[in-house]
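This is what each chain is made of:
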Amino acid sequence: MERPINATIRGTGSYVPPRIVPNDEFTQSLDTSDEWIRTRTGIRERRHAGPGDTAATMGTLAAREALSAAGVAPGEIDLIVCATVTPDLMCPSTACLIQSYLDCRTVPAFDISAACSGFVYALSVAEQYIRTGSAKTVLVVGAEVLSRVTDFSDRNTCILFGDGAGAVVLGASTDPARGLFNIRLFADGSRQELIQVPSLVTPNPPPGSMALPNLRYLRMNGREVFKFAVTQLRAQVELALADCKRLGKELSLIVPHQVNVRVIDAALEDLDFPAEKVVVNLDKYGNTSAASVPIALDEAVRAGRCKPGDTLLLVAFGGGLTWSSALVTL
Ligand code: UT7
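Small disclaimer: the values here were computed from a predicted structure and weren't measured. (Residues numbered from 1 in each chain as written. Predicted model: local features only at pLDDT ≥ 70, side-chain atom pairs only at ≥ 80, totals over all residues. Heavy atoms only, no water.)

Chemist: Explain the site of the ligand to me, using residue names and the numbers behind them.
Modeler: For the ligand, the set of nearby residues contains 22 residues, the closest of which are Thr32, Arg40, Arg223, His257 and Asn260. One nitrogen or oxygen atom from the side chain of Arg155 is found 2.9 Å from an oxygen atom belonging to the ligand. One nitrogen or oxygen atom from the side chain of Asn260 is found 2.8 Å from an oxygen atom belonging to the ligand. Across the complex, the protein chains shield 78% of the 950 Å² of accessible surface that the ligand would expose by itself. Going through the elements one at a time, helix H2 (34-41) and helix H6 (222-247) are the ones with two or more residues in the shell around the ligand. For the shell around the ligand, the leading source of residues is H6, giving four residues. For the shell around the ligand, the per-class residue count stands at 10 nonpolar, seven polar and five charged. (Near = heavy atom within 4 Å. Polar contact = N/O pair within 3.5 Å; in protein donor to acceptor, adjacent residues only side chain to side chain. Areas by Shrake-Rupley, 256 points an atom, 1.4 Å probe, with all protein chains shown as cover. Helix = DSSP H or I, 4+ residues; strand = E, 2+ residues; numbered from the N terminus. Nonpolar A, V, L, I, M, F, W, Y, C, P; charged D, E, K, R; others polar.)

Chemist: So what about the packing of helix H3 (residues 55-70) against helix H4 (residues 94-102)? Which residues, and what values?
Modeler: Following both chains from N to C, one finds H3 and H4 inclined at 55°, their axes separated by 9 Å at the closest point. Judged on the interaxial angle alone, H4 and H3 are oblique. H4 is crossed by H3, and the crossing has right-handed handedness. For the pair H3 and H4, the contacting residues are Ala55, Ala56, Thr57, Gly59, Thr60, Ala63, Arg64 and Leu67 in the first and Thr94, Leu97, Ile98, Tyr101 and Leu102 in the second. In the contact of H3 with H4, the residues fall into eight nonpolar, four polar and one charged. (Axes fitted to C-alpha atoms, helices over the stretch in contact; angles between N-to-C directions. Parallel < 35°, antiparallel > 145°, perpendicular 65-115°, else oblique. Left-handed = near helix turned anticlockwise from the far one by under 90°. Contact = heavy atoms within 4.5 Å.)

Chemist: Before we move on, can you summarise the pattern of salt bridges with the specific residues and values?
Modeler: Evaluated as defined, the whole model comprises 16 salt bridges. Note that Asp243 is salt-bridged to Arg184, the shortest N-O span being 2.7 Å. With Asp243 in helix H6 and Arg184 in strand E8 (residues 179-187), this pair connects stretches of sequence that are 59 residues apart. Given the relative accessible area of 21%, Arg184 is considered partly exposed. Between Arg234 and Glu238 there is a salt bridge; the shortest N-O distance is 3.6 Å. Pair noted here: Arg234 and Glu238 are both in helix H6, with a separation of four residues, about one helical turn. You can call Arg234 partly exposed: its relative accessible area is 25%. Exposure remark for Glu238: the relative accessible area of 37% places this residue in the partly exposed category. (Salt bridge = Lys/Arg side-chain N within 4 Å of Asp/Glu carboxyl O. Buried < 20%, exposed > 50% of the residue type's maximum accessible area, 1.4 Å probe, protein only.)

See below:
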């Protein structure tokens, strides 16, 4: 009898642009302080894209690292899925641009739009292509240039976001002990107004939306998103811990969306999960939306915080509203 096919992580990569923006840079033009930003969010600095950086260029650099870590050549990729809400163009997709920059023949390439949950959504699509035998090797990218949709006169949002990209190469395996499992995706469009990024075709004003004084920029109800994030992060971690217990696996590491250190602390409070097994790098990069989970995952892998056989929880939540989680045994 044929053994079921699992999607395993073969390699990870990431890229952040070199320009570091410390909290102090915002105090020159806004009524804010390094102390407020650090204590209310945990963020010390973030990266901002240079003039030539786009989701596709940064996604390509992250992808090259992931391919090299996996020992996979661009010509071996069967599918490219890119999660982004800050694409270079509305058409063609960022995934198509990455495909051309990597010179990956004519393999299918498309984008996923699920805000900060985008990378886990993209993983779930890739995993199904692999599990059904439609693809053997899939490149999954999360890439964002949020600085280009940030209103730098809005202290509620501009201090939070950063730019960057992360990528993984997924491969087919028949080893039952390894791979992605128990992927969960959710959306609640009735709360769409809590975070919005307009597009070129957004009507003015968008129906049911918050007032958008400038249609270029991201708008967010931070306090409501905060409550939603704590609730869903906690719920996803509880589900994952129960899944692991049932399957006799130990959860080695949680890689959460890098939203706000207070969200992560509040969600995990009383859960009896050691803080040192939670990856937090938002102090360096802020919130990079769809890029945040793959950048954190790549850093954890490269720092030796996880090894083959370890089980990780990837968990994200954001605009849509959307939320998602995936367990993976490396
Ligand atoms: O990936 C999903 C995307 N969403 C997020 O990342 C956001 C999740 N939410 C958050 O991280 C937090 O809600 C924020 C960091 C956005 C805000 O923190 P908070 O503790 O929830 O503050 P708040 O919104 O309740 O505002 C408290 C005060 C307000 O002043 P008043 O009305 O009390 O006078 C804000 O205007 O803090 C003020 N404030 C600031 N003060 C100094 C908001 N931003 C700033 C700032 N510097 N940068």
